[in-house]
Amino acid sequence: MSDAETMTETAPETAPRAETAALSLRAIERQYVQGDSTLEILRGVNFDVFPGQSVALMAPSGTGKSTLLHVAGLLEHPDSGEVFVRGTATAELPDQERTRIRRTQIGFVYQFHHLLPEFSALENVMMPQMIRGLGKGEAAKRAGELLGYLGLGERLTHRPSELSGGEQQRVAIARAVANAPAVLLADEPTGNLDPKTSDHVFETLTQLVRASGFAAVVATHNMDLAARMDRRVTLRDGQVVELD
Ligand SMILES: Nc1ncnc2c1ncn2[C@@H]1O[C@H](COP(=O)(O)OP(=O)(O)OP(=O)(O)O)[C@@H](O)[C@H]1O
């Protein structure tokens, strides 16, 4: 199927849904003050992503994709508005509780993997689970299963420097979803990879979303990759707008 066909065959996400959104942004405003000028980046963003759904966030450079992902991932506070994670309002929560939700419910993947260089692939994926309080044995079991699912069963003891770029990024994806988050947020996760490898990583990511039932929001400039996701949205005048 061509990309154009895929694009037009995907129904826009307009009908209301009864199920609780994995992630819900309501009236999010975010501005940056630079000297005398104020940059209004997010201007009333409303955005829902449901379990098992993948959304490509495609917008020109500088329009606020990273800002949106930071706010959605509870890394930054919006100036106003509310972020709900699995129906829980987060704006008024104490920092400690926001951190707990971020650690357990949100997974992040970046353009550069940020794996810990002195640890193996398995240990890198065990880490977030152990921070959450899981025992070593259980964390290793889950990490092994995840890496096996992502085609890295033969690479468990390799350190990041002993893995290819695509393999490193698959380990980063495994690490991000190790705690079975409500939502995976990815900022140009394949921006650093060649087209073939990036294709493979994306395929793995979308398969994992479908199989695991978490939601994924992926900022990407790559139209071909975005065409494979369930929805495509952009940022226009500081608001999230559905494409298709
Ligand atoms: N801490 C900050 N202080 C001031 N301005 C900022 C800050 N962070 C981001 N900006 C500005 O806000 C705008 C949006 O930035 P953001 O990084 O969210 O864009 P983006 O869409 O992710 O861009 P890219 O695709 O290039 O990564 C940019 O114009 C940027 O210069």
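- With an unreviewed UniProt entry as reference, the protein is termed Lipoprotein-releasing system ATP-binding protein LolD, source organism Variibacter gotjawalensis.
- Note on the protein: under the UniProt heading Function (unreviewed entry), the record states "Involved in beta-(1-->2)glucan export. Transmembrane domains (TMD) form a pore in the inner membrane and the ATP-binding domain (NBD) is responsible for energy generation."
- Per UniProt, the protein has the following entry under Sequence similarities (unreviewed entry): "Belongs to the ABC transporter superfamily. Macrolide exporter (TC 3.A.1.122) family."

1. Notes on the packing of helix α6 (residues 165-177) against helix α7 (residues 195-212)
Then step 1. For the pair α6 and α7, interaxial distance at closest approach is 9 Å and the crossing angle is 20°. In terms of their interaxial angle, α6 and α7 are classed as roughly parallel. Like other packed secondary-structure pairs, α6 and α7 cross with a definite hand, here right-handed. Contacts between α6 and α7 pair Gly-166, Gln-169, Arg-170, Ile-173 and Val-177 from the former with Thr-197, His-200, Val-201, Thr-204, Leu-205 and Leu-208 from the latter.
Then step 2. Taken together, the residues that form the contact of α6 with α7 break down as five nonpolar, five polar and one charged.

2. Remarks on the confidence of the model for the protein
Then step 1. Taken residue by residue, the protein gives an average pLDDT of 89. The fraction at 70 or more is 93%.
Then step 2. Of the regions scoring below 50 in pLDDT, residues 1-14 engages in 16 contacts with residues more than four places distant in sequence or in other chains.
Then step 3. Per the prediction output, this complex has pTM 0.88; the corresponding ipTM is 0.95.

3. Comments concerning the UniProt feature "domain: ABC transporter" (unreviewed entry) in the protein
Then step 1. Per the UniProt annotation, the sites labelled "domain: ABC transporter" (unreviewed entry) are residues 25-243.
Then step 2. The span residues 25-243 is 36% helix and 27% strand, and its two end C-alpha atoms sit 18 Å from each other.

4. Focus on the pattern of salt bridges
Then step 1. Applying the stated rule across the entire model yields eleven salt bridges.
Then step 2. A salt bridge links Asp-48 to Arg-26; its shortest N-O distance comes to 2.8 Å. In this pair, Asp-48 sits in strand β2 (residues 37-49) while Arg-26 sits in strand β1 (residues 23-34), placing the two residues 22 residues apart along the sequence.
Then step 3. Since its relative accessible area comes to 22%, Asp-48 is described here as partly exposed.
Then step 4. For Arg-100, the salt bridge goes to Glu-97, with nearest N and O atoms at 2.9 Å. Pair noted here: Arg-100 and Glu-97 are both in helix α3 (residues 95-105), with a separation of three residues, about one helical turn.
Then step 5. Connected through salt bridges with shared partners, the residues Arg-30, Glu-76 and Asp-79 form a single ionic network.

5. A look at the nonpolar core
One recurring pattern in soluble globular proteins is that nonpolar side chains are buried together.
Then step 1. Grouped together as the largest cluster of nonpolar side chains are 36 residues, with contacts concentrated most on Val-125, Leu-147, Val-171 and Leu-184.
Then step 2. Listing elements by their share of this core, those giving two or more residues are α4 (121-131), α5 (136-149), α6, β7 (183-187), α7, β8 (215-219) and α8 (223-226).
Then step 3. Among all residues touching Val-125, those that are not within four sequence positions of it are Ala-143, Leu-146, Leu-147, Val-171, Ala-174, Arg-175 and Ala-178.
Then step 4. Core analysis: the second largest hydrophobic core is formed by 31 residues, Phe-47, Val-49, Phe-108 and Val-233 among them.

Conventions used here
- Residues numbered from 1 in each chain as written.
- Predicted model: local features only at pLDDT ≥ 70, side-chain atom pairs only at ≥ 80, totals over all residues.
- Heavy atoms only, no water.
- UniProt positions renumbered as here; feature names shortened; annotations may be inferred.
- Axes fitted to C-alpha atoms, helices over the stretch in contact; angles between N-to-C directions.
- Helix = DSSP H or I, 4+ residues; strand = E, 2+ residues; numbered from the N terminus.
- Parallel < 35°, antiparallel > 145°, perpendicular 65-115°, else oblique.
- Left-handed = near helix turned anticlockwise from the far one by under 90°.
- Contact = heavy atoms within 4.5 Å.
- Nonpolar A, V, L, I, M, F, W, Y, C, P; charged D, E, K, R; others polar.
- pLDDT = per-residue confidence, 0-100.
- Salt bridge = Lys/Arg side-chain N within 4 Å of Asp/Glu carboxyl O.
- Buried < 20%, exposed > 50% of the residue type's maximum accessible area, 1.4 Å probe, protein only.
- Core = buried A, V, L, I, M, F, W, Y, C linked by side-chain atoms within 4.5 Å.

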